[in-house]
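Each chain is listed here by its residues.
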Amino acid sequence: MEQTAVIALGSNLARPAEQIRKALSDLDAHPNIRVLKTSSFYQTAPVGYTGQPDFVNAVCIVETDLNAARLLAALHTIEAQAGRERTFRNAPRTLDLDIIDYAHCRSDDPALTLPHPRAAERSFVMVPLAEIAPDFELGGLGKAAEIASGLEQGGIERLPKE
């Protein structure tokens, strides 16, 4: 049975916008994943470790017949193909793919907490999500547009379409 998932994409190394475009193409090329909607790309200031380049971020909504764990494994494969190295928390990266929501399921599993535990605190996730799905209900916290409007948006700028 097909499920809908929200995926956040981010990159700040090796031509970030190209990394995001390639990841979206790789997602859509996967036999069990279909990209339904994609936000604009946004340039955002780094969070946590600030001594690194700005990020390019986006959000997409996909349809998949993979369960959440298998979807996460597919995302990790795409990250690895992009040269992702997990050196330390909030480190610079070629590609970061996070499941923000999977079929409105809840999970406290440390390997995959759903909805993503910090999504509602991050303008680089909520602003793009609000752009493509303003009424998306995130884990009982409210609609994407409402959550986004309550966040600091000084470090986020929509990039022109290429």
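Residues numbered from 1 in each chain as written. Predicted model: local features only at pLDDT ≥ 70, side-chain atom pairs only at ≥ 80, totals over all residues. Heavy atoms only, no water.

As annotated in an unreviewed UniProt entry, the chain is 2-amino-4-hydroxy-6-hydroxymethyldihydropteridine pyrophosphokinase from Neisseria canis. Per UniProt, the chain carries the Function (unreviewed entry) text "Catalyzes the transfer of pyrophosphate from adenosine triphosphate (ATP) to 6-hydroxymethyl-7,8-dihydropterin, an enzymatic step in folate biosynthesis pathway." (UniProt positions renumbered as here; feature names shortened; annotations may be inferred.)

(A) Highlighting the nonpolar core. Counting residues in each nonpolar core, the largest one holds 28 residues, and the members touching the most others are Leu9, Leu27 and Leu71. For this core, the elements supplying multiple residues, two or more each, are strand S1 (3-11), helix H1 (16-29), strand S2 (33-38), strand S4 (55-64), helix H2 (68-81), strand S5 (96-102) and strand S7 (112-114). With six residues, H2 is the single largest residue contributor to this core. The residues touching leucine 9, leaving out its near neighbours within four places in the chain, are Ile20, Ala23, Leu24, Leu27, Val56, Asn57, Ala58, Val59, Cys60, Asp96 and Leu97. (Core = buried A, V, L, I, M, F, W, Y, C linked by side-chain atoms within 4.5 Å. Buried < 20%, exposed > 50% of the residue type's maximum accessible area, 1.4 Å probe, protein only. Helix = DSSP H or I, 4+ residues; strand = E, 2+ residues; numbered from the N terminus. Contact = heavy atoms within 4.5 Å.)

(B) Structural context of the pairing of S5. Extensive coverage of S5 is indicated by the burial of six of its seven residues. Summarising the sheet, S1 and S5 pair through six bridges and their orientation is antiparallel. By the bridge assignment, alanine 8 is partnered in S5 with aspartate 98. (Pairing = 2+ DSSP bridges.)

(C) Quick peek at H2. Taking 1.5 Å per residue, 14 residues should reach 20 Å; H2 reaches 20 Å between its end C-alpha atoms and fits that length. On the buried face of H2, the contacting elements are S1, H1, S2, S4, S5 and S7. The N-capping residue of H2, defined by a side-chain oxygen 3.2 Å from the backbone nitrogen of alanine 69, is asparagine 67. Phi turns positive, to about 90°, at glycine 83, one or two residues after H2. (Expected span 1.5 Å × (residues − 1). Polar contact = N/O pair within 3.5 Å; in protein donor to acceptor, adjacent residues only side chain to side chain.)

(D) Looking closely at unusual backbone geometry. With an omega of -10°, the peptide bond between leucine 114 and proline 115 qualifies as cis. For proline 115, the position within the fold is in the loop between S7 and helix H3 (123-132). Although it is not a glycine, arginine 15 adopts a positive phi angle of roughly 55°. Relative to the helices and strands, arginine 15 resides in the loop between S1 and H1. What makes arginine 15 exposed here is its relative accessible area of 58%. Unusually for a residue other than glycine, histidine 104 sits at a positive phi of about 55°.

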